[in-house]
Amino acid sequence: MRTLDWEDGAVVTIDQCALPHQEITLRVRTVDELIDAIKRLAIRGAPALGIAGAFGVAIAARTHLSDADRPLGEAAARADAERLASARPTAVNLRWGVEQALASLGDGPDAVLATALRLMDEDDRMNHQATVNAADVIVGLCPDRPLRLLTHCNAGALATAGLRGTALGAVFELAERGLVEFVIVDETRPLLQGARLTAWELGRAGIPHRLSVDSAAASLMARGLVDCVVVGADRITANGDVANKIGTYGLAVSAAYHGIPMVVVAPESTVDEQLKDGALIEVEERDADEVRQVLGMPVAPEATEAFNPAFDVTPAELVTAVVTEARVMRSEKAAAGRTAR
Ligand SMILES: CSC[C@H]1O[C@H](OP(=O)(O)O)[C@H](O)[C@@H]1O
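Residues numbered from 1 in each chain as written. Predicted model: local features only at pLDDT ≥ 70, side-chain atom pairs only at ≥ 80, totals over all residues. Heavy atoms only, no water.

J.: Honestly, the sheet that holds strand 10 (residues 262–265) in this entry has me stumped. Any pointers?
T.: Consider a sheet: its strands pair through backbone hydrogen bonds, and that pairing is either parallel or antiparallel. Spatial ordering of the open sheet is given by 6-5-4-7-10-15-16, a layout of seven strands whose pairing is mixed. Two strands lie at the open edges of the sheet, namely strand 6 (209–212) and strand 16 (328–330), each paired on one side alone. Neighbouring strand axes in the sheet, compared pairwise and without regard to direction, differ in orientation by 20° on average. Bridge analysis of strand 5 (residues 180–186) against strand 6 gives four bridges, and the strand direction is parallel. Across the sheet, the residue bridging to V185 is L211, located in strand 6. (Pairing = 2+ DSSP bridges. Helix = DSSP H or I, 4+ residues; strand = E, 2+ residues; numbered from the N terminus. Axes fitted to C-alpha atoms, helices over the stretch in contact; angles between N-to-C directions.)

Have a look at this one:
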């Protein structure tokens, strides 16, 4: 089953908040339902957000363009599209997908849906090629065999529209080549995308993996248990800075210190050439309860204040390579700066 699909006028997906213990199918028929699913991370992951955004515009077009007054209908559809694009600010893909679909609005609801379906098919192709390219890069960077890989958050099929992830897709590609000893899965607090989603995907695929608390990553690198860190991205700026799940920057600093390659895997739709560097990226700040609680169970006093940035920004100089379906962006600084310790 695809992670995201379109059936009978609805976005059909799996509710990622219920995983790994329940596999609940979501059928989203309105823009408001879709915004709710995006905000609560039932639908999540940069490429998946792009396709969901495009399908959301298709829903808005079908809802409003049937009105007699076409200009009024288009204005209403555009207003819905803006609410969708603003649902989560950091992943560039969401607004990208909305804008791609909006470009077809003047040709009517069927044209908007056709655009969204095309983007969904392209998402599969782009992500698959990026994972093959990334596997080739990792093989070239890491002489030891088999590979011990560390990943953060979830950049698997669940983070895309289709059957293959980005960073985790590269892990799957390497495993298919018989090159993976095991994968260290950062649990990824506060919402535990690693423990709940990446472990679920790797378990279903029979790929050896070990769950780890986020704070163990640096010491696992110091023990020589990591050959390469491979992660996804939510926005890559023109100079190669990378916004990704909170904790990625710390991984990059530790990896650089230990001379371990840091590879980012993403489709070109995650690259934002309009933004010159990472300082300009809006980092989503989420509800403090996500930190005060573990999946809804309080662990801190109710009055405790908390930081909860959903992402951080890793400077290009700490990223060995950003790999897409179309190119490999290498940082000379990252290569020069890495001396094994
Ligand atoms: C393949 S992009 C996945 C990317 O998105 C995740 O964020 P979230 O779970 O909040 O949508 C995380 O940053 C992943 O690396």
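J.: Any chance you could explain the packing of helix 1 (residues 31–39) against helix 2 (residues 46–64) here in plain terms?
T.: Close contact between helix 1 and helix 2 brings their axes to 9 Å; oriented N to C, the two are set at 165°. In terms of axis orientation, helix 1 runs roughly antiparallel to helix 2. Considering how the two elements wind past one another, helix 1 and helix 2 form a crossing that is left-handed. Of helix 2, the residues touching helix 1 (which contributes V31, L34 and I38) are L49, A52, G56, I59 and A60. (Parallel < 35°, antiparallel > 145°, perpendicular 65-115°, else oblique. Left-handed = near helix turned anticlockwise from the far one by under 90°. Contact = heavy atoms within 4.5 Å.)

J.: How should I be thinking about the domain arrangement of the protein in this particular structure?
T.: Note: interface size is frequently given as the accessible area lost on complex formation between the parts. The domain boundaries assigned to the protein delineate domain 1 (4–122) and domain 2 (124–340). Look at where the C-alpha atoms of domain 1 and domain 2 centre, and you get two points 26 Å apart. Taken residue by residue, the interface counts 26 residues in domain 1 and 33 residues in domain 2. Taking both partners together, domain 1 and domain 2 bury about 2400 Å²; carbon and sulfur atoms supply 52% of that area. Three residues stand out in domain 1 for area buried against domain 2, namely R44, T90 and E122, and they jointly supply 25% of the buried area on that side. One can count two salt bridges joining domain 1 with domain 2. Ionic pairing is found between E23 and R204, a salt bridge with its closest N-O pair at 3.8 Å. (Domains from an automatic or database assignment. Buried area = accessible area lost by both parts, 1.4 Å probe. Salt bridge = Lys/Arg side-chain N within 4 Å of Asp/Glu carboxyl O.)

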